[in-house]
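Geometric and topological summary
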Amino acid sequence: MDPSLGTLEKPGDEDGKAEGAGSPERGPAPWQALPVLSERQSGDVELVLAYAAPILDQRQTSRLLKEVAAVHPLPAQPHLKRVRPSRDASCPHTLEILLCLAGPAAGARSLADLLPQPAVDPCGLGPPFLVPVPAWPPLTRRQFEKARAHWPTSFHEDRQVARALAGCLFSAQERAAMQGYMERALWAARQAAARGLRAMGAVVVDPAAGHVLAMGHDCSSSASPLLHATMVCIDLVAQGQGRGAYNLRRHPACSFAPATTPQAARAGSVRKLDADADTGVDGLPYVCTGYDLYITREPCTMCAMALVHSRVQRVFYGAPSPDGALGTRFRVHARPDLNHRFQVFHGVLEAQCRQLDPCA
Ligand SMILES: [Zn+2]
């Protein structure tokens, strides 16, 4: 093994100062690390059709509620409130009750069709009508605002997600560390550009130890077109674990530090978002279990899936890529049908990263 590969080079001071090129008096550019949410979290509220009916005799409301809920409990829609005030001020009735979800062939139905008797005494109800209601509990405040425009909806805000969306998830100390890691990725990207390679850089960090384990840049060429910065970094982490496959000796800015924590000890200490298995078939953690990746631009599909396979814990990228797979075209980090999910944040030093090459 080339001994020069065992040491991580640090970005020089001059490079650090060059950060504010163009306006030397300027402080650090403002940036926010914002979460890239799952499709369910970020998408629009999905609606399903349901039957509701006006409550013509309000004195019957509590009895009707009890009887209808016993017949149609709506176990998958606990977020839907059963009664809403009528929306039409000129309407003779003031309350409406949600009866049940409509099937695929939703058409006009009578109370007798929808409510079995004698379990429900329909006395006090008017004729049923179809209404779109939110199919799933809203996950974000934005979804909640949209959902309740259709039907009254309860909302248990995920405080962590709410803080993340407000851009205040990280402390000043954490932000300083994040900026330092991204500055290293920027440095690596500039090293690549200086060598005529695509300007994309990345670092892998062990957040528990605060160590940079690998720093790399895009090394792709006509002979090795797949050496994107992410692939290079994953291989460098593997090299630090006594494995790895690429020969990167021609690229001195691509370097690794040997793992400081033994592999076997690492598996138990991982902070997980989901109850994923974090060990491979041999009982060892995957290459990036518990680690964070900082990368100048959003990874492409190949790189993003490589991060799923290597079980990265979190990814921070500066700016999106047109074909990016962690937010732009796909969100492979947040798919229920893949066996590993991880957190993704975008926007760290976005202005500087945006000037560099995308992952493609
Ligand atoms: Zn890529």
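**Thoughts on unusual backbone geometry**
The step from Q117 to P118 runs through a cis peptide bond, and the omega angle for that step is 15°. Mapped onto the elements of the fold, P118 is located in the loop between α4 (111-114) and β5 (129-134). The backbone of R311 shows a phi angle near 65°, a positive value even though the residue is not glycine. As for its placement among the helices and strands, R311 is situated in the loop between α10 (301-309) and β10 (314-319). R311 sits in the buried class, given a relative accessible area of 9%. Phi angles above zero are rare outside glycine, and L349 is one such case at about 50°. Note on placement: L349 falls in the loop between β11 (343-346) and α11 (350-354).

**Concerning the pattern of salt bridges**
Evaluated as defined, the whole model comprises 14 salt bridges. The salt bridge partner of R84 is E96, with a shortest N-O separation of 2.7 Å. With a gap of 12 residues between them, R84 in strand β3 (residues 83-85) and E96 in strand β4 (residues 95-101) connect regions that are remote in the sequence. On the basis of relative accessibility, which here comes to 7%, the residue R84 falls in the buried class. E350 is the salt-bridge partner of R354, the closest N and O atoms lying 2.4 Å from each other. Note that R354 and E350 are positioned in helix α11 at a spacing of four residues, about one turn of the helix.

**Some points on the coordination of the zinc ion**
Binding of the zinc ion to the protein goes through H228 (ND1), C300 (SG), C303 (SG) and C359 (SG), at separations of 2.1 to 2.3 Å. Here the donor residues of the zinc ion share one chain and are spaced in sequence as H-x71-C-x2-C-x55-C. For the pair C300 and C303, one class covers both residues: buried.

What counts and what doesn't
Residues numbered from 1 in each chain as written. Predicted model: local features only at pLDDT ≥ 70, side-chain atom pairs only at ≥ 80, totals over all residues. Heavy atoms only, no water. Helix = DSSP H or I, 4+ residues; strand = E, 2+ residues; numbered from the N terminus. Buried < 20%, exposed > 50% of the residue type's maximum accessible area, 1.4 Å probe, protein only. Salt bridge = Lys/Arg side-chain N within 4 Å of Asp/Glu carboxyl O. Donors = N, O, S within 2.8 Å, 3.2 Å for Na, K, Ca; no water.

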